[in-house]
Amino acid sequence: MTLLLRNLGFWLLQWINHLGLTSVFLGQIIAKTGWYKGVFSDVLKQTYNLGCKSFGITTVSALFIGLVLSLQGIHTLEKFGALSQLGPMISLSILREMGPVISALLFSGRACSALTAEIGLLKASDQLDAMKMMGIDPLMRVIVPRFWAGVLGLPLLNLLFCAVAIMAGYWYATQHIMLDSGMFWANTQGAVSWQVDIKNCMIKSVVFAILLLWIALFQGLNCNPTANGISRSTTRTVVLGALCVLCSDFILTALMIGDW
Amino acid sequence: MLKQRQEWIYTSVGTFMVLSFLALIFLIFQVSGVKYIQNMQTYDVYANFNDIGGLRIHAPVTISGVKIGEVYSINLDPNALNAKVTLRLDKNEKIPFDDINARIVTEGLLGANYISIIPGFDSTDKSHSYLRAGDIIAKTQDAMILENLIGQLLFNAKK
Amino acid sequence: MSETLIQLNNISLSYADKTVFSHFNLSIPKGKIIAVLGPSGCGKTSFLRLLSRLIQANEGEIIFNGTDITKIPERKMQLIRRQMGFMFQSNALYTDLNVFDNIAYPIRVHSNLSEDLVRTVTLMKLQMVGLRGAYNKMPHELSGGMARRIALARSLALDPCLMLYDEPFTGQDPIGMQVLLSLVKRFHDCLKMTSIIVSHDVDEVCQIADHVILFESGQVLAQGSPLDLINSRDTKVSQFMMGKLEGDMPFHYPATPYNKDLLYDTIAP
């Protein structure tokens, strides 16, 4: 029995240590954000790697999610004669929940796993040590640009996701069941308020971006410099990232529910 | 780094940002309908109700079904203990003041509440013919409370 | 002539369960080519990493040109590291950049030279190692010997005063090895710097070394000029330098005699 308690206490202390280590890491990233020659071109290149390359998967997923949402919505609302509420249903579910969460999950799977693998490989092949030996801080020149590129890229992807999904839903409703487009947009505009819905959507997206990139960069830097170690870090990034996104989504929604 | 690749990166990131910005514009204007009130000049008028029912802030204020403003705030009048509602209206239309009536109506049967204004006649009093800032609408009609209606119906049915 | 460049005092370093150094003292003379030899696992690579502070000692001090580098903050250490060059065993070339950008990277970061001057200096470094024609290649397209020479050129990009080589001659063909040896010697003489070479190739390194230090289990077994060590009468030293199989250096790890009782301990309930 005491053995169990001792192990539990040890595990708890380790977990607290780990949390402290990761928090210090995040603090270091923010503290070392600074100008150096060529910083903008680095951030731009990383925005391309993280954001632009995820453009395809985000827009195609948004298209299909919008279509499915519209299809299901029509099927259910028809029974209540509430087809006029299709517009608000699609827009609000996308803007409030599905947009930020699904674009964050897609980003985590595509961009964050690639990021962890890349940094793990840089560490395993001694390139980060080589940079240190030249008097160049690898945290400032490798990690920080990737962090801010992701924090910039995910909210933009989120906007694209929401817009494409809503347009896809609108297209399906008006083309296939001949829903009146005026009614769709009028009801949507009545239900969606930009101060509350769109602002909260962006806040969620920024919070998710910070969490996902923090996890990805930390796992990359602290992986075992072996093939197995890199693969485990990459999977841990995706799994941990997904869990953190969903958990923080709940917390943020609970905080924001007063506005709605 | 080859020059072409550098150019391609700049172009892609620029396009990505432009598309995201367009998506934001779309979301703001088409999906949430920011056309009203924020851009135009407005003025405030007041109306007192005994029971506002389910009226909320940002509920539309209409004349003949056309939205001309929204409910800005709802307060409790400490003296008369009724609801003092502030209506924020567009400066565009001139609404005749004399004999003006404000009613709380429901969208459909179970929908949200909004305010419908029935304008008065052209006034004989030329100095105050149109609604202006700070006016208090005297004639008001409260929200229809469904429970009262059902109670009345049952009462009548019993008779 | 031989003033001390680096002085290590009372260094102790241990990893999770293994003590690498314990109360270790050494002084590195200035201006010489110093070869660090020793069997595998005796702490040679940890020694190099301690000197460049890629790892921190548990206790003790390392005085480099009058500054104790174990106590200073990281930012000051970055400034000191610009005077050091480190050549990794795995070359550690930047895989995303081509050869030219690899060598130009430290120059671009640490100086304000215009692109023309950067180009001139980089091509000069490439010419010094004989690979000016390969400036456009990516690191994965290079052969082993070429990659080694590029790594050498990159570590020399900022003209350091101390060069640290971590097993630079492993896996090289005989000609490549001679090329590298002559390059190391030539740079050392031209730039008047101190070179510390950790290597396993005793014969080759002794061709160019001025001073040899022999490690064993975290202690200095012997040091002196190459001839002194080759003619040494200490059995351990001569076993290592001649590469003999039998001798005092233990073959088994851990070096304990095989005990039949151990077998029964694991089987008995």
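Residues numbered from 1 in each chain as written. Chains lettered and ligands numbered in written order. Predicted model: local features only at pLDDT ≥ 70, side-chain atom pairs only at ≥ 80, totals over all residues.

Caption draft 1: Up close: the overall build of chain C. Looking only at helices and strands, chain C has ten helices and ten strands in total. Long-range pairs, those at least 24 residues apart, make up 63% of the contacts in chain C between residues at least 6 apart in sequence. (Helix = DSSP H or I, 4+ residues; strand = E, 2+ residues; numbered from the N terminus. Contact = placed C-beta atoms within 7 Å.)

Caption draft 2: A look at the overall build of chain B. Check the secondary structure of chain B and you find two helices and eight strands. In sequence order, chain B lays out its α and β elements as α-β-β-β-β-β-β-β-β-α. The buried share among the 159 residues of chain B stands at 19%. (Buried ≥ 20, exposed ≤ 12 C-beta atoms within 10 Å, placed from the backbone.)

Caption draft 3: Unusual backbone geometry, seen in detail. Notably, Asn 65 of chain C is not glycine yet its phi reads approximately 55 degrees, a positive angle. On the basis of neighbour counts, which here come to 14 C-beta atoms within 10 Å, the residue Asn 65 of chain C falls in the partly exposed class.

Caption draft 4: How the structure looks around the interface of chain C and chain A. The partner chain A presents eleven residues to the 15 residues of chain C that form the contact. Looking at the side of chain C that touches chain A, the elements that each hand over two or more residues are α2 (74–81), β6 (84–87) and α3 (99–110) of chain C. Taken together, the residues that form the side of chain C that touches chain A break down as nine nonpolar, four polar and two charged. (Nonpolar A, V, L, I, M, F, W, Y, C, P; charged D, E, K, R; others polar.)

Caption draft 5: Just the interface of chain B and chain A, in detail. Taken together, the contact pairs 18 residues of chain B with 22 residues of chain A. For the side of chain B that touches chain A, the per-class residue count stands at 13 nonpolar, five polar and no charged.

Caption draft 6: Quick peek at the nonpolar core. Core analysis: the largest hydrophobic core is formed by 133 residues, its most contacted members being Cys 162, Ala 165, Leu 212 and Leu 217 of chain A together with Ala 35, Val 36 and Leu 214 of chain C. Of the residues forming this core, the biggest block, 21 residues, is contributed by helix α6 (residues 138–176) of chain A. Not counting chain neighbours up to four residues away, the residues in contact with Val 36 of chain C comprise Lys 44, Phe 47, Ile 196, Ile 197, Val 198, Ile 213 and Phe 215 of chain C. Grouped together as the second largest cluster of nonpolar side chains are 21 residues, Val 45, Ile 100, Ala 102 and Ile 137 of chain B included. (Core = buried A, V, L, I, M, F, W, Y, C linked by C-beta atoms within 7 Å.)

Caption draft 7: Representation of the environment of Lys 236 of chain C in the model. Residues and elements named next belong to chain C. Looking at the secondary structure, you find Lys 236 in helix α9 (residues 235–242). By C-beta crowding, Lys 236 is classed as partly exposed, having 16 other C-beta atoms within 10 Å. Lys 236 sits 20 residues away from Glu 216 along the chain, and the two C-alpha atoms are 9.6 Å apart.

Caption draft 8: Inspection of the environment of Ile 74 of chain B at higher detail. Residue and element names in this part refer to chain B. Within the secondary structure layout, Ile 74 lies in strand β3 (residues 66–76). Judged by the 15 C-beta atoms lying within 10 Å of it, Ile 74 falls in the partly exposed class. Setting aside its immediate chain neighbours within four residues, Ile 74 contacts Ile 52, Leu 55, Ile 57, Ala 83 and Val 85.

Caption draft 9: Representation of the packing of α3 of chain C against helix α4 (residues 115–128) of chain C within the structure. Residues and elements named next belong to chain C. Where α3 contacts α4, the two axes come as close as 9 Å, and the packing angle between them is 125 degrees. Between α3 and α4, the interaxial angle falls into the category oblique. Note on packing geometry: the crossing formed by α3 with α4 is right-handed. Facing Phe 100, Ile 103, Ala 104, Ile 107 and Arg 108 of α3, the residues of α4 in contact are Val 118, Val 121, Thr 122, Lys 125 and Leu 126. Of the residues contributing to the contact of α3 with α4, the split by class is seven nonpolar, one polar and two charged. (Axes fitted to C-alpha atoms, helices over the stretch in contact; angles between N-to-C directions. Parallel < 35°, antiparallel > 145°, perpendicular 65-115°, else oblique. Left-handed = near helix turned anticlockwise from the far one by under 90°.)

Caption draft 10: Expanded view of the sheet that holds strand β5 (residues 67–68) of chain C. Residue and element names in this part refer to chain C. Pairing within the open sheet is antiparallel, and its four strands lie in the order β2-β1-β4-β5. Both edges of this open sheet fall to β2 (19–29) and β5, since each of them pairs with a single strand only. Inspection of the sheet shows strand β1 (residues 4–14) paired to β2 by seven bridges, in the antiparallel sense. Bridge pairing in β2 places Leu 13 opposite Phe 21. Most of the contacts of helix α1 (residues 44–51) go to β1, to which it runs at about 120 degrees, and overall it touches β1, β2 and β4 (59–64). (Pairing = 2+ DSSP bridges.)

Caption draft 11: Focus on the sheet that holds strand β10 (residues 219–224) of chain C. Residues and elements named next belong to chain C. Reading across the sheet, the six strands line up as β6-β7-β8-β3-β9-β10 and stay open at both edges, with mixed pairing between neighbours. Two strands in the sheet have a free side with no partner beyond their single neighbour: β6 and β10. With strand direction ignored, the average angle separating the axes of adjacent strands in the sheet is 15 degrees. By the bridge criterion, four bridges tie strand β3 (residues 33–37) to strand β9 (residues 211–216) in an arrangement that is parallel. Counted as the bridge partner of Ile 34 is His 211 from β9. Across the sheet, α1 touches β3, β7 (162–166), β8 (194–198) and β9, and the angle it forms with β7 is around 150 degrees.

Caption draft 12: Representation of the pairing of β4 of chain C within the structure. All names here are of chain C. With five bridges joining them, β1 and β4 adopt antiparallel strand pairing. Paired with Leu 8 across the bridge in β4 is Ile 62. Here β4 runs beside β5; their pairing, made up of two bridges, is antiparallel. Of the residues in β5, the one forming a bridge with Phe 64 is Thr 67.

Caption draft 13: Expanded view of α1 of chain C. Residue and element names in this part refer to chain C. Of all the residues in α1, the buried ones are Lys 44, Phe 47, Leu 48 and Leu 50. Taken around the axis of α1, the buried residues stretch over an arc of 160 degrees, which confines them to a single face. In this structure, the buried residues of α1 make contact with β1, β3, β4, β7, β8 and β9. Two residues or fewer past α1, Arg 53 is found with a positive phi of approximately 60 degrees. (Arc of directions from axis to C-beta.)

Caption draft 14: Geometry of helix α3 (residues 55–80) of chain A. Residue and element names in this part refer to chain A. The end-to-end C-alpha distance of α3, which contains 26 residues, comes to 37 Å, matching closely the 38 Å that a straight helix rising 1.5 Å per residue would cover. Of all the residues in α3, the buried ones are Thr 58, Ala 62, Ile 65, Gly 66, Leu 69, Ser 70 and Gly 73. Residues of α3 that are buried sit in contact with α4 (86–124) and α6. Looking at the residues trailing α3, positive phi occurs at Gly 81, about 65 degrees. (Expected span 1.5 Å × (residues − 1).)

Caption draft 15: Here's a closer look at the confidence of the model for chain C. Residues and elements named next belong to chain C. Of all residues in chain C, 90% attain a pLDDT of 70 or more, and the chain-wide mean is 85. Ranking the elements of chain C by mean pLDDT puts helix α10 (residues 260–267) last with 55 and β8 first with 93. Here the predicted complex scores 0.81 on pTM and 0.81 on ipTM. (pLDDT = per-residue confidence, 0-100.)

Caption draft 16: Structural detail: the pairing of strand β5 (residues 101–106) of chain B. Sheet analysis places β5 of chain B next to strand β6 (residues 113–118) of chain B, joined by six bridges and oriented antiparallel. Counted as the bridge partner of Ala 102 of chain B is Ile 117 of chain B from β6 of chain B.

Caption draft 17: Region of the structure containing the packing of α4 of chain A against α6 of chain A. Look at α4 of chain A against α6 of chain A: their axes get within 8 Å of each other, and the N-to-C directions meet at 145 degrees. The two elements α4 of chain A and α6 of chain A cross, and the hand of that crossing is right-handed.

Caption draft 18: Representation of the environment of Thr 76 of chain A. Residue and element names in this part refer to chain A. Residue placement: Thr 76 occurs in helix α3. For Thr 76, a count of 12 C-beta atoms within 10 Å translates into the label exposed. Placed 34 residues apart in sequence, Thr 76 and Asp 42 show a C-alpha to C-alpha distance of 49 Å.

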